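Read off the chains here:
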Amino acid sequence: MMRYLVRLANDQGHTPKDVKTLQTRIRELLGSEDKIGNLRISTSAIEFDLFAEQADLNTSRSLLESKISRVVTLRSIDSRVPTREEKEVLREGIDLFNQERFWEAHEVLEEIWHPATGADRDIIQGLILTAAALVHYQKNEKAVCISILGRAREKLGAHDHFKGVDIGRLRAGIEQILKDSTPKLLQVEWVKTKPAPQPA
């Protein structure tokens, strides 16, 4: 049995409040309680882990596309990509985050978190915790989301920038959520660089 990431197009405007209903519907469709896990909903996709034999994958895909929505992503989670440059991994993690693919962002950022040390390790963990918190938001677990965002804020510290990432803006968004006790989607911005002055 292998583990796959499935992302279905969210063409019907499902929200995190629909997690339990969709989870039940997909489990009934695929014929097993154990076949899917960790369902979460973004504005563009319904994501979940699918546990299946490779031989059953096409049948599962056909059922999902005929009864739920078209498959946007179907890939093995068990295989790991070889070691990559930190800059490449950070960019991919932020890109996934900004596409509301928080679970994937979390997984990708762990590649650079494990070997990191000191303040870099804390900031990367803050980014990972922010993504993890928003996974819980997508699962309609608002209290868990807020709790994890509190830990993320602490890990991000007082830094304004990290390797081109605007940490100050992200921290401000987290602080607003914590103040309001109302989770919402966040974006991670890159620091805007000013063009060099032109000689007169």
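In case you missed it, the structure is sitting above this.
Residues numbered from 1 in each chain as written. Predicted model: local features only at pLDDT ≥ 70, side-chain atom pairs only at ≥ 80, totals over all residues. Heavy atoms only, no water.

So, on to the packing of aromatic side chains. Applying the stated criterion to the full structure yields 1 aromatic pair. Consider the rings of Phe97 and Phe102, whose centres lie 4.9 Å apart with planes at 75°: the pair is edge-to-face. Neither residue differs from the other here; Phe97 and Phe102 are each classed as buried. In this structure, Arg91 packs its charged tip against the face of Trp190, placed 4.3 Å from the ring centre. Sitting over the ring of Trp113, Arg121 keeps its end group 4.2 Å from the ring centre. (Phe/Tyr/Trp six-rings, centres within 6.5 Å; stacked < 30°, edge-to-face > 60°. Buried < 20%, exposed > 50% of the residue type's maximum accessible area, 1.4 Å probe, protein only. Lys NZ or Arg CZ within 6 Å of the ring centre and 35° of its normal.)

We now examine helix α7 (residues 167–180). Given 3.6 residues per helical turn, the α-helix brings residues three or four places apart onto the same face. Over its 14 residues, α7 runs 20 Å from end to end, which matches the ideal 20 Å to within 8%, given 1.5 Å per residue. What α7 keeps buried is the set Ile167, Gly168, Leu170, Arg171, Gly173, Ile174, Ile177 and Leu178. Taken together, the buried residues of α7 touch α5 (118–138), α6 (142–156), β5 (161–162) and β6 (165–166). Its side-chain oxygen placed 3.4 Å from the backbone nitrogen of Gly168, Asp166 serves as the N-cap of α7. Two residues or fewer after α7 comes Ser181, characterised by a positive phi angle close to 55°. (Helix = DSSP H or I, 4+ residues; strand = E, 2+ residues; numbered from the N terminus. Expected span 1.5 Å × (residues − 1). Contact = heavy atoms within 4.5 Å. Polar contact = N/O pair within 3.5 Å; in protein donor to acceptor, adjacent residues only side chain to side chain.)

This part takes up the pattern of salt bridges. For the structure shown, the criterion picks out 18 salt bridges. Its salt-bridge partner being Arg84, residue Glu88 comes within 3.8 Å of it at the nearest N-O pair. Its salt-bridge partner being Asp120, residue Lys163 comes within 3.6 Å of it at the nearest N-O pair. Here Lys163 is found in the loop between β5 and β6, whereas its partner Asp120 is found in helix α5, with 43 residues between them in sequence. Beyond isolated ion pairs, a larger network of salt bridges with shared partners links Arg3, Arg7, Arg40, Glu47, Asp49, Arg75, Arg101 and Glu104. (Salt bridge = Lys/Arg side-chain N within 4 Å of Asp/Glu carboxyl O.)

Below, the discussion takes up the nonpolar core. One finds Leu90, Phe97 and Ile174 to be the most contacted residues of the largest nonpolar core, which totals 40 residues. Not counting residues within four places of it along the chain, the set of residues in contact with Phe97 comprises Phe102, Ala105, Thr130, Ala131, Leu134, Leu186, Gln187 and Val188. In terms of nonpolar packing, the next biggest core, distinct from the first, is built from 18 residues, Val19, Leu22, Ile41 and Ile46 among them. (Core = buried A, V, L, I, M, F, W, Y, C linked by side-chain atoms within 4.5 Å.)

In terms of burial, strand β1 (residues 2–9) is a largely internal element, 6 of the 8 residues being buried. In this structure, β1 lies alongside strand β3 (residues 45–52), joined through 8 bridges in antiparallel fashion. When the bridges of β3 are listed, Tyr4 appears paired with Leu50. In the sheet, β1 pairs with strand β4 (residues 71–76) via 5 bridges, with the strands oriented antiparallel. Across the sheet, residue Val6 finds its bridge partner in β4, namely Leu74. (Pairing = 2+ DSSP bridges.)

Here the focus is the sheet that holds β1. If you trace the 4 strands from one edge of the open sheet to the other, you get β2-β3-β1-β4, paired in antiparallel fashion. Only two strands of the sheet have a single neighbouring strand rather than two, namely β2 (36–41) and β4. Geometrically, the sheet is characterised by an average inter-axis angle of 15° between neighbouring strands, direction not taken into account. (Axes fitted to C-alpha atoms, helices over the stretch in contact; angles between N-to-C directions.)

Moving on: the packing of helix α3 (residues 86–98) against helix α4 (residues 102–113). For any two helices packed against each other, the geometry is given by the interaxial angle and the distance between the axes. Where α3 meets α4, the axes come as close as 8 Å, and the angle between the chain directions of the two elements is 165°. Classified by the interaxial angle, the pair formed by α3 and α4 is roughly antiparallel. In the crossing of α3 with α4, the sense of the turn from one axis to the other is left-handed. Taking contact as the criterion, the partners of Glu86, Val89, Leu90, Glu92, Gly93, Leu96 and Phe97 in α3 are, on α4, Phe102, Glu104, Ala105, Val108, Leu109, Glu111 and Ile112. (Parallel < 35°, antiparallel > 145°, perpendicular 65-115°, else oblique. Left-handed = near helix turned anticlockwise from the far one by under 90°.)

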